[in-house]
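One-letter residues, chain by chain:
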Amino acid sequence: MIRSFGWNEFLILLRATEWTILLSLISFAGGGALGFVVALARTAQHKTLRWIAVAYIELMQATPVLMVLFLVFYGLGLFGFDIPPLIAASIALIVYCAAFLGDIWRGCIEAIPKQQWEASEALAFSRWQQLRYVVLPQAAKISLPPTVGFLVQVVKTTSIASIIGMVELTQAGRFVNNATFQPIKVFSAVALIYFVLCYPLSLWAQALERKMNAGRRA
Amino acid sequence: MPVVALENVTKSFGALTVLDGVSLAVEPGQVVAVIGRSGSGKSTMLRCINGLEQIQSGRIEVAGHVLENNKTALRELRQDVGMVFQSYNLFPHLTVEENITLAPRVVKKEPLAEAKATARNVLEQVGLSEKIDAYPEQLSGGQQQRVAIARSLAMHPKVMLFDEVTSALDPELTEEVLRVMEGLAKAGMTMMLVTHEMGFARRVAHVTVFMHKGKVWESGPSERIFSDPQTPELRQFLASGLK
Ligand SMILES: Nc1ncnc2c1ncn2[C@@H]1O[C@H](COP(=O)(O)OP(=O)(O)OP(=O)(O)O)[C@@H](O)[C@H]1O
Ligand SMILES: [Mg+2]
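Calculation rules
- Residues numbered from 1 in each chain as written.
- Chains lettered and ligands numbered in written order.
- Predicted model: local features only at pLDDT ≥ 70, side-chain atom pairs only at ≥ 80, totals over all residues.
- Heavy atoms only, no water.
- Helix = DSSP H or I, 4+ residues; strand = E, 2+ residues; numbered from the N terminus.
- Rg over C-alpha atoms; globule rule 2.2 N^0.38 Å.
- Buried < 20%, exposed > 50% of the residue type's maximum accessible area, 1.4 Å probe, protein only.
- Contact = heavy atoms within 4.5 Å.
- Lys, Arg positive; Asp, Glu negative; His and termini not counted.
- Charge placed at Lys NZ, Arg CZ, Asp CG, Glu CD.
- Patch = residues over 30% accessible without salt bridge, like charges linked within 9 Å, V, L, I, M, F, W, Y side chains within 5 Å.
- Areas by Shrake-Rupley, 256 points an atom, 1.4 Å probe, with all protein chains shown as cover.
- Salt bridge = Lys/Arg side-chain N within 4 Å of Asp/Glu carboxyl O.
- Core = buried A, V, L, I, M, F, W, Y, C linked by side-chain atoms within 4.5 Å.
- Pairing = 2+ DSSP bridges.
- Disulfide = S-S within 2.5 Å.

Novice: Which residues make up the overall build of chain B, and what values go with them?
Specialist: Scanning chain B for helices and strands turns up nine helices and 10 strands. On C-alpha atoms alone, chain B measures out to a radius of gyration of 18 Å, which is about the 18 Å that the 2.2 N^0.38 rule sets for 243 residues. Overall, chain B is about 55 × 40 × 35 Å in size when its C-alpha atoms are taken along their principal axes. Buried positions account for 56% of the 243 residues belonging to chain B. The contacts of chain B with a sequence gap of at least 6 include a subset with a gap of at least 24, amounting to 65%. Here chain B contributes 26 positively and 28 negatively charged side chains, and the mean placements of these two sets differ by 3 Å.

Novice: I'd like a rundown of a nonpolar patch on the surface, residues and numbers included.
Specialist: Residues and elements named next belong to chain A. On the surface, Leu192, Phe195, Val196, Tyr199 and Leu203 cluster together into a nonpolar patch covering about 480 Å² of accessible area. When you line up the elements, Val196 lands in helix H8 (residues 183-215). The class of Val196 is exposed, set by a relative accessible area of 53%.

Novice: Can you tell me about the nonpolar core, naming the residues and giving the values?
Specialist: In this structure, Leu13(A), Val4(B), Leu6(B), Met45(B), Ile49(B) and Met192(B) are the most contacted members of the largest nonpolar core, which totals 91 residues. If we skip the residues at most four places from it in the chain, Val4(B) touches Leu24(B), Ala25(B), Val26(B), Ile49(B), Glu61(B), Val62(B), Val159(B) and Met192(B). Ranked by size, the runner-up nonpolar core spans 46 residues in total, among them Val122(B), Ala150(B), Met189(B) and Met198(B).

Novice: A description of the sheet that holds strand S1 (residues 4-13) of chain B should follow, citing residues and the corresponding values.
Specialist: The pairing of strands in a sheet comes from backbone hydrogen bonds and takes either a parallel or an antiparallel form. All names here are of chain B. In space, the four strands of this open sheet follow the order S2-S1-S4-S5, with antiparallel pairing throughout. Each having just a single partner strand, strand S2 (16-26) and strand S5 (65-66) make up the two edges of the open sheet. Sheet topology places S1 next to strand S4 (residues 57-62); five bridges connect them, and they run antiparallel. Among the inter-strand pairings, Val4 is bridged to a residue of S4, identified as Val62.

Novice: Help me get a handle on the state of the cysteines, residues and values and all.
Specialist: Residue and element names in this part refer to chain A. For the structure on display, the rule yields zero disulfides over all chains. Cys198 provides the cysteine sulfur closest to Cys97, a residue in no disulfide bond, and the two sulfurs are 13 Å apart. Judged by its relative accessible area of 1%, Cys97 is buried.

Novice: Account for the side chain of Glu182(B), with residues named and values stated.
Specialist: Within the secondary structure, Glu182(B) is located in helix H6 (residues 171-186). Residues in contact with Glu182(B), not counting those within four places in the same chain, are Phe200(B), Arg203(B) and Val204(B).

And the structure:
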């Protein structure tokens, strides 16, 4: 029986959106935590640490996130782990986001003038105290716009989880389309929902950016 | 016993020798001005004294600490050495009070109440009590520099190092900062100051050191250095009116 795209079908999409949001939050929170470590390692004094962070960031930025997902999903499957799509997608996106956020935040840490390091060093701060009280608070402030901007990417990237069968928004769209054969309507609705999720974030990022620039007067 | 003692210190950046066998002693309560041409190694010398730069050979002793390349020992030494920079380098995300209390709290683990009391004292000393809640960007350059001095004072240093602290300031603002420094000198603070303010050096510094080509070329009581220079290089430097 062929259904037509109506309110009930739209509700199915909305249900699935909850999973998109959940996966976005997991990816962002996990990727943020790991990315923080990556940023610290990337800006550390310890050469090996820095080198490991560089390798990780470069590798991730040169790999399609889909390959990361396949490696996690099928790779771990090979070892006999039967992991649910949500977990596989979460792991893949955390690993992916950590590299990008780590690199964004490295830039923010490096943007703090070296005089700030020197002034606090002259005041007998340890390296960790310099980071904790002087550098990171300033870096955190300038990191807000690019970080929120990246969140938009995260939301959109969660759509790849559909490929391993997770029923998030994109996958739900495919199901509804298979049942209705009204691809224009269905995928317009899917796109609209992504837009509603992402646009406020984009606006927020832009507002933060403007505020930052206004605060940076002579 | 001198508060600061350098013995035959050498420092180079790659092939460039910047300090070439510098020896120098600063007695308690003494004010020492360091003058010399751009590139003669004045800033580098100050930065070596608190370990911001590492020396290649020689010996530096500050307030009873022998400078060594050990992080913990270095932090002990730095607690006794205040440093003020040309570009103020206040922490822009903190208020004046927080700028001043941060190091005592974080480094010396002083209780907040004690750190705040100290902050009020040092702010009064630099004449900026009313700016306690301001952020650095709300202050003039001269005010920022006075806060930077107060921030150093709050650590109760045994010696203060000043590196061209008025060079970025307009003449009127220069005056207010120099007044604060003169007040400190009168109060008995041991000070080393790299300066282009020859009048100030002559009037306030007990001893003036002329640096040339990474060496202490000539040094002595300020009055003598300025009125009766012995070396052609110092004579030329003073005559050139060069800052
Ligand atoms: N981090 C560094 N790396 C390489 N060379 C340096 C470094 N810091 C200083 N130098 C060089 O060392 C020499 C001495 O510099 P220094 O800053 O001590 O001079 P100065 O006497 O303070 O000069 P100025 O009056 O211009 O401040 C200069 O030739 C400078 O280029
Ligand atoms: Mg200098």
